[in-house]
Amino acid sequence: MTHRLTPKDILALGFMTFALFVGAGNIIFPPMVGIQSGEHVWVAALGFLITAVGLPVITVIALARVGGGIDALSSPIGKAAGLLLATVCYLAVGPLFATPRTATVSFEVGIAPLTGDGPLPLFIYSVVYFILVMGISLYPGKLLDTVGNILAPLKIVALAVLGVAALLWPAGNFAPATDVYQHAAFSNGFVQGYLTMDTLAAQVFGIVIVNAARSRGVSDARLLTRYTIMAGLIAGVGLTLVYLSLFNLGSHSASIVDQNANGAIILHNYVQHTFGSMGSSFLAALIFVACMVTAVGLTCACAEFFQQYLPLSYRTLVFILGLFSMLVSNLGLSHLIQISIPVLTAIYPPCIVLVVLSFTLNWWNKSSRIIAPTMLISLIFGIFDAIKTTHFKAVLPAWSQQLPLAEQGLAWLPPSLAILVVVAIVDRVLGRQQVTAQQ
């Protein structure tokens, strides 16, 4: 007998997927883009939505088509390169950046206004926070029940309240856009979408979504693909609505907070301005639930991945990942963001190339001829873009500053398209030669 999900379970799976995605970065970066882009907010928002909603949903669909794992998605570039890519993605969205960031954001919004932004309160909070994360992560089979049916609806209701408030009670008027958004609003929004890490997270969450459906007895591959795609689309709609409300909130907040403030401060000031101290408590609870759900999903996914390659049990890996994330979180939010920007700027381009080209596999005689060179070029030029975000940009050769789209942080795109055309022609020629030889 073929097991199928009920409409309620499909909705819960979509809510769970949405809740896994909406974590720290999704809540703090849109208000920052909103306040800095000023009158160009909706142009910047369009770029942001492409990398923060479009690409993650496409990634979930791509993973569903190959069975839910990044290892299957990366098969055209070879086993060793695929494993390296997967490891980098899991570490980036796991213990190095995304998981620790969930703790620092929830601390800065909910606890720091009461205790001060000192190292001791952050340490105590991170210990309690990650004890809870590790406790829930020990039972991955219960995710659909705990996250999909309980925590996700709570998060959705809270975000809806915040979104409606931002629409009905804006804090003020637009401030003039900052220099970078005056000249390149769309591309800056596009690159800012990297910082949510959702395309990387989607590569990690794909298998979590599939396993959640399997926990309900679904084993048919076609049904698993269909349910995963439906969950991704539900999450995409939810993410879009959240981002649009947060862009609107940020763009009208220049009168109550500095234009260069981080997203946690913008949100806190807006809620304090609109709802008073009661609103601050509400926001703290919202951010805590949002960040906790994402941290649990990431910890489960990372533990399941590394369990395949290390002589350690799932439970042991949950504790190792949780403790390491706790230590990293004590660097603080600003330091974490500063460290993550160059890393994400470098690794996002090859991930984008892999996901997009995964839909074209049937076009080629040999897909590895196409995907591997294009990813390599995108990585090389992505590294140039990454170095430009650091203090070492002076070491770059002068020609790298003159590349098309270099000022927009998209120097990787033209050379990647150029190499794609070249290898596509090579693939066609070699394919014809092979056919001729066989005749």
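Parameters and conventions
Going along each chain's sequence as written, the residues are numbered from 1 onward. In view of the model being predicted, local features appear only for residues whose pLDDT reaches at least 70, and side-chain atom pairs are presented and counted only at 80 or more, with totals across whole chains, interfaces and linings using the full set of residues. In computing side-chain properties, one takes all heavy atoms of the structure into account and sets aside hydrogens as well as water. Numbering of helices and strands starts at the N terminus; helices are DSSP runs of H or I of at least 4 residues and strands are runs of E of at least 2. As defined in this context, the radius of gyration uses C-alpha atoms, and a globule is described by 2.2 Å times the residue total to the power 0.38. Only protein chains enter the accessibility calculation, which uses a 1.4 Å probe. A residue is then buried if its area is under 20% of the maximum for its type, exposed if over 50%, and partly exposed in between. Residue contacts follow a heavy-atom distance rule, with two residues in contact if any of their heavy atoms lie within 4.5 Å. In this description, accessible areas are obtained by the Shrake-Rupley approach with a 1.4 Å probe, and a residue is regarded as covered only by the protein chains that are shown. Only four residue types enter the tally: Lys and Arg on the positive side, Asp and Glu on the negative side, with His and both chain ends excluded. In plain terms, the charge of a residue is placed at NZ if it is Lys, CZ if Arg, CG if Asp and CD if Glu. The pairing test for Phe, Tyr and Trp rings, Trp by its six-membered ring, is centres within 6.5 Å, and the orientation test on the planes gives stacked under 30 degrees, edge-to-face over 60, and tilted for anything in between. All the domain ranges listed were derived from an automatic or database domain assignment. As used here, buried area is the combined drop in accessible area, with a 1.4 Å probe, of two parts when they are placed together. Definition used for salt bridges: Asp or Glu carboxyl oxygen within 4 Å of a side-chain nitrogen of Lys or Arg. The axes are straight lines fitted to the C-alpha atoms, using for helices just the contacting stretch, and the angles between their N-to-C directions are given from 0 to 180°. Between 65 and 115 degrees an angle is taken as roughly perpendicular, under 35 as roughly parallel, over 145 as roughly antiparallel, and anywhere else as oblique. Three classes are used: nonpolar for Ala, Val, Leu, Ile, Met, Phe, Trp, Tyr, Cys and Pro, charged for Asp, Glu, Lys and Arg, and polar for all others, with Gly counted as polar. Take the buried residues of types Ala, Val, Leu, Ile, Met, Phe, Trp, Tyr and Cys, join any two whose side-chain atoms come within 4.5 Å, and each joined set is a nonpolar core. To estimate the expected span of a helix, count its residues, drop one, and scale the result by 1.5 Å. In this context, the arc is that of the directions from the helix axis out to the C-beta atoms. Note that patches include only residues with greater than 30% relative accessible area and no salt bridge, and the join distances are 9 Å for like charges and 5 Å for nonpolar side chains (Val, Leu, Ile, Met, Phe, Trp, Tyr). Any pair of nitrogen or oxygen atoms within 3.5 Å is treated as a polar contact; in protein, a donor-acceptor pairing is required on top of that, and neighbouring residues in sequence qualify only through side-chain atoms on both sides.

Looking only at helices and strands, the protein chain features 19 helices and zero strands. Relative to a compact globule of 439 residues, whose C-alpha radius of gyration would be 22 Å, the protein chain shows 22 Å and is just as compact. Projected onto its principal axes, the C-alpha coordinates of the protein chain cover approximately 80 × 60 × 40 Å. For the protein chain, with 439 residues in total, the buried portion stands at 55%. Of the contacts made within the protein chain by residues no fewer than 6 positions apart, 82% connect residues no fewer than 24 positions apart. Here the protein chain has roughly 18,300 Å² of accessible surface; of this, 69% comes from carbon and sulfur atoms. A gap of 15 Å separates the mean positions of the 18 positive and 14 negative side-chain charges of the protein chain.

According to the stated counting rule, one finds 16 aromatic pairs in the structure shown. Look at Phe186 and Phe190: their rings are 6.4 Å apart centre to centre, the planes differ by 35°, and that puts the pair in the tilted class. Highlighted residues: Phe186 and Phe190, both in helix H10 (residues 179-192), separated by four residues, approximately one helical turn. Judged by relative accessible area, Phe186 falls into the partly exposed class, the value being 33%. With a centroid separation of 6.1 Å and an interplanar angle of 65°, the aromatic rings of Phe190 and Tyr194 are classed as edge-to-face. In this structure, Phe190 and Tyr194 share a single accessibility class: buried.

For interface size, the figure often reported is the accessible area lost on association. Domain boundaries assigned for the protein chain yield domain 1 (7-347) and domain 2 (360-438). Using only C-alpha atoms to locate each centre, domain 1 and domain 2 end up separated by 29 Å. Counting residues at the interface gives 13 residues for domain 1 and 18 residues for domain 2. A combined buried area of about 1,100 Å² lies between domain 1 and domain 2, and 73% of that area is made up of carbon and sulfur atoms. Taken together, the links from domain 1 to domain 2 amount to zero salt bridges. Of all elements in the fold, only H10 and helix H16 (333-357) reach the threshold of two or more residues within the side of domain 1 that touches domain 2. For the side of domain 1 that touches domain 2, the element with the most residues is H16, which contributes five residues.

Turning our eyes to something else, we now look at the pattern of salt bridges. On inspection of all chains with the given rule, the structure shows three salt bridges. Lys388 is the salt-bridge partner of Asp385, the closest N and O atoms lying 3.3 Å from each other. The partner of Arg428 in a salt bridge is Asp427, and the shortest N-O contact between them spans 3.8 Å. Taken together, the shared-partner salt bridges in this structure form one network comprising Arg369, Asp427 and Arg428.

Let us now look at the packing of helix H11 (residues 198-214) against helix H14 (residues 277-307). One way to put it is that H11 packs onto H14 with a least axis distance of 9 Å and a crossing angle of 90°. As summarised for this structure, H11 and H14 are arranged roughly perpendicular, according to the angle between their axes. Note on element contacts: H14 touches H11 through Thr294, Gly297, Leu298, Ala301 and Glu304, opposite Val204, Phe205, Val208 and Asn211. Partitioning the contact of H11 with H14 into residue classes produces five nonpolar, three polar and one charged.

Formed by 140 residues in total, the largest nonpolar core has its most connected members in Leu13, Tyr90, Tyr129 and Leu200. The greatest single-element share of this core, amounting to 16 residues, is contributed by H14. Split by domain, the residues of this core number at least three in each of domain 1 (7-347) and domain 2 (360-438).

Attention now moves to helix H8 (residues 119-137). Helix length check: H8 (19 residues) gives 26 Å between terminal C-alpha atoms against 27 Å at 1.5 Å per residue, within 8%. Looking at H8, one finds that the buried residues are Leu122, Tyr125, Ser126, Tyr129, Phe130, Val133, Met134 and Ser137. One face of H8 carries all of its buried residues, which in axial projection span an arc of 160°. Those residues of H8 that are exposed and angled more than 90 degrees off the buried face are Leu120 and Ile131. Tucked into the core, H8 has its buried residues touching helix H6 (98-110), H14 and helix H15 (314-329).

Turning our eyes to something else, we now look at a nonpolar patch on the surface. A cluster of nonpolar residues, Leu83, Tyr309, Leu310, Leu312 and Ile320, forms a patch on the protein surface that exposes about 400 Å² of accessible area. By secondary structure assignment, the location of Leu83 is in helix H5 (residues 79-96). Judged by relative accessible area, Leu83 falls into the partly exposed class, the value being 34%.

Among the structural elements, Val161 can be located in helix H9 (residues 143-168). With relative accessibility at 41%, the residue Val161 sits in the partly exposed group. Each C-alpha atom, one on Val161 and one on Arg226, is 31 Å from the other, the two residues being 65 residues apart in sequence.

The next subject is unusual backbone geometry. The backbone of Met197 sits at a positive phi, close to 65°, despite the residue not being glycine. Counting through the fold element by element, Met197 comes out in the loop between H10 and H11.

So, on to the side chain of Asp427. For Asp427, the position within the fold is in helix H19 (residues 413-438). Using a relative accessible area of 0% as the deciding quantity, one classes Asp427 as buried. In terms of polar contacts, Asp427 uses its side chain to reach the side chain of Arg369, at 2.9 Å. When sequence neighbours within four positions are dropped, the list of residues in contact with Asp427 reads Trp364, Asn365, Lys366, Arg369 and Ile370.

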